[in-house]
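Read off the chains here:
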Amino acid sequence: MTNRLFDLSGRTALITGSTRGLGNAIARGLGDAGARLILNGRSADAVATAAAALREDGHTAFEAAFDVTSEAEVVRTFERFDAEGLEIDILVNNAGIQHRQPMVDLALADWQRVIDTNLTSAFLLGREAARRMIPRGHGKIVNIGSLTSELARATVIPYTVAKGGVKMLTKGMAAEWAKSGIQANAIGPGYMLTDMNEALINNPQFDAWVKGRTPAERWGRPEELVGAAVFLSSAASDYVNGQMIYVDGGMLSVL
Ligand code: NDP
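The model shown is predicted, which means the values in this text are computed figures rather than measured ones.

**Details of the overall build of the protein chain**
Of regular secondary structure, the protein chain possesses eight helices and seven strands. A compact globule built from 255 residues would reach a C-alpha radius of gyration of about 18 Å, and the protein chain, at 17 Å, matches this within 12%. Its C-alpha atoms give the protein chain principal-axis dimensions of about 50 × 45 × 40 Å. For the protein chain, the residues scored as buried account for 43% of the 255 residues in total. Excluding contacts between residues fewer than 6 apart, the proportion of contacts in the protein chain whose partners are at least 24 apart in sequence is 73%.

**Description of the site of the ligand**
Around the ligand, the surrounding shell holds 30 residues, and the nearest of these are Gly17, Gly21, Arg42, Gly96 and Thr194. Of all the secondary-structure elements, those providing two or more residues to the shell around the ligand are α1 (21-32) and α4 (108-136). Considering each element in turn, the shell around the ligand owes the most residues, three residues, to α1.

**Quick word on the nonpolar core**
Counting 60 residues, the largest nonpolar core has Ala13, Ile26, Leu30, Leu37, Leu39, Ile187 and Ala229 as the members making the most contacts within it. Element by element, the count of residues in this core is highest for α4, at seven residues.

**Points about helix α3 (residues 71-84)**
End to end, α3 covers 20 Å across 14 residues, agreeing with the expected 20 Å (1.5 Å per residue, within 8%). If you check which residues of α3 are buried, you get Val74, Thr77, Phe78 and Phe81. Angularly, the buried residues of α3 cover 95° about the axis, an arc narrow enough to put them on a single face. Within α3, the exposed residues directed more than 90 degrees away from the buried face are Ala72, Arg76, Glu79, Arg80, Asp82 and Ala83. Against the buried residues of α3 lie α4. In the segment just after α3, Gly85 is the residue with positive phi, at about 75°.

**Notes on the environment of Leu151**
Inspection of the secondary structure assignment puts Leu151 in the loop between β5 (139-144) and α5 (157-177). Leu151 sits 10 residues away from Ile141 along the chain, and the two C-alpha atoms are 23 Å apart.

**Thoughts on the sheet that holds strand β3 (residues 61-63)**
The strands that make up a sheet are held in pairs by hydrogen bonds between backbone atoms, and each pair lies either parallel or antiparallel. The sheet built from seven strands is open, its strands ordered β3-β2-β1-β4-β5-β6-β7 with parallel pairing. Two strands lie at the open edges of the sheet, namely β3 and β7 (244-247), each paired on one side alone. Each adjacent strand pair in this sheet contributes to an overall mean axis angle of 20°, direction not counted. Of the pairings in the sheet, the one linking strand β2 (residues 36-39) to β3 comprises three bridges and is parallel in character. Each bridged residue has a counterpart across the sheet, and for Leu39 the counterpart in β3 is Glu63. Against the sheet, helix α8 (residues 226-233) touches β1 (12-15), β4 (90-93), β5, β6 (182-189) and β7, its axis set at about 150° to β5.

**Some points on the packing of α4 against α5**
Where α4 contacts α5, the axes come no closer than 8 Å and their chain directions differ by 15°. On the basis of their axis angle, the class for α4 and α5 is roughly parallel. Remark: the crossing between α4 and α5 carries right-handed chirality. Within the contact between the two elements, α4 uses Trp111, Val114, Ile115, Asn118, Leu119, Ala122, Phe123, Gly126, Ala130 and Ile134 and α5 uses Pro158, Tyr159, Val161, Ala162, Lys163, Gly165, Val166, Leu169, Met173 and Trp177. When the residues that make up the contact of α4 with α5 are grouped by side-chain class, the tally is 16 nonpolar, three polar and one charged.

**Quick word on the confidence of the model for the protein chain**
When pLDDT is averaged across the protein chain, the result is 98; 99% of the residues are at 70 or more. Of the two predicted TM-score estimates for the complex, the pTM is 0.98 and the ipTM is 0.99.

**Things to note about helix α2 (residues 44-56)**
Here α2 spans 18 Å end to end across 13 residues, near enough to the 18 Å set by a 1.5 Å rise per residue. Residues Val47, Ala50 and Ala51 constitute the buried set of α2. For α2, the angular spread of buried residues about the axis comes to 100°, placing them on one side. Exposed residues pointing more than 90 degrees away from the buried face of α2 are listed as Asp45, Ala52 and Glu56. Buried residues along α2 sit in contact with α1, β2 and β3. One or two steps after α2, the chain reaches Gly58, where phi turns positive at roughly 95°.

**Comments concerning the packing of α3 against α4**
Interhelical geometry of α3 versus α4 gives an angle of 25° and a closest axis separation of 10 Å. Considering the angle they form, α3 stands roughly parallel to α4. The handedness of the crossing between α3 and α4 is right-handed. Packed against α3, whose contacting residues are Glu71, Val74, Val75 and Phe78, the element α4 presents Leu124, Leu125 and Glu128 at the interface. Taken together, the residues that form the contact of α3 with α4 break down as five nonpolar, no polar and two charged.

The rules we used
- Residues numbered from 1 in each chain as written.
- Predicted model: local features only at pLDDT ≥ 70, side-chain atom pairs only at ≥ 80, totals over all residues.
- Helix = DSSP H or I, 4+ residues; strand = E, 2+ residues; numbered from the N terminus.
- Rg over C-alpha atoms; globule rule 2.2 N^0.38 Å.
- Buried ≥ 20, exposed ≤ 12 C-beta atoms within 10 Å, placed from the backbone.
- Contact = placed C-beta atoms within 7 Å.
- Near = placed C-beta within 6 Å.
- Core = buried A, V, L, I, M, F, W, Y, C linked by C-beta atoms within 7 Å.
- Expected span 1.5 Å × (residues − 1).
- Arc of directions from axis to C-beta.
- Pairing = 2+ DSSP bridges.
- Axes fitted to C-alpha atoms, helices over the stretch in contact; angles between N-to-C directions.
- Parallel < 35°, antiparallel > 145°, perpendicular 65-115°, else oblique.
- Left-handed = near helix turned anticlockwise from the far one by under 90°.
- Nonpolar A, V, L, I, M, F, W, Y, C, P; charged D, E, K, R; others polar.
- pLDDT = per-residue confidence, 0-100.

Structure, rendered in structure tokens:
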């Protein structure tokens with residue numbers, strides 16, 4: 001029997017960056033727990049393909065292709081949801097990009113693009129979602145951080161700065177909105193098998209480093225984030241706020 005605490009029936013979840021990778025696995029997991037899904041990415045074709053695959057498996061999946069870094073597109077999308085009667089109960093701020101370059105060579109435009117996609121997007125979407133959740137008195141926001149919310153790493157400085165910011169943004173959201181029945185928490189994945197890491201996965205030295213550095217001695221699978229995502233989206237976490245759950249095979253716990 002399903003534990004009702006984790007039941008997301010009747011809830012609508014918007015998951016940014018859900019055409020592939022971690023966002024797609026989280027969307028599927030929230031759908032399996034009963035949620036209606038709204039899929040997102042910049043490519044309308046990719047969103048349509050991902051939504052069709054989920055519908056084929058019995059999920060209710062709507063499509064919302066937009067760029068999470070564009071204030072105008074984010075605002076317009078939420079206005080469209082209002083007009084269509086789509087109320088967002090769960091927002092998963094997952095869309096993100098990586099850019100590897102030593103800081104001395106880094107262009108301001110690349111710094112800005114990484115900060116905007118990984119951090120400012122969570123502000124823009126969180127603000128629009130909370131403006132609607134506050135009057136309704138409930139809502140769940142799940143921000144996707146990273147191991148780099150805690151630890152710096154050379155050549156990915158804007159990414160680590162953005163993910164550190166995601167951690168504090170999450171706490172700030174909890175501080176402002178807890179009294180309105182909203183919980184904002186974050187998930188910090190370790191090294192996961194997704195397109196974002198393709199070059200690293202195929203690099204034998206990096207692959208060996210990940211396996212050696214992770215107590216689990218392997219990369220994480222996208223579906224391994226689902227438990228944390230369902231917990232933080234459900235009534236099971238109603239008194240959990242401003243927290244970060246690391247799903248990293250133990251990596252952060254060891255030297
Ligand atoms: P992927 O590159 O596999 O997928 C990224 C998703 O985000 C795609 O759906 C992509 O679609 C979408 N996206 C990117 N930019 C935008 C944008 N501006 N607007 C809307 N959608 C966008 O990444 P992962 O699944 O690996 O990563 C997902 C999240 O998890 C990211 O925030 C990442 O930083 C974080 N993370 C990942 C880890 C890992 O090891 N993979 C570890 C720790 C954190 P499209 O390009 O078509 O727009």
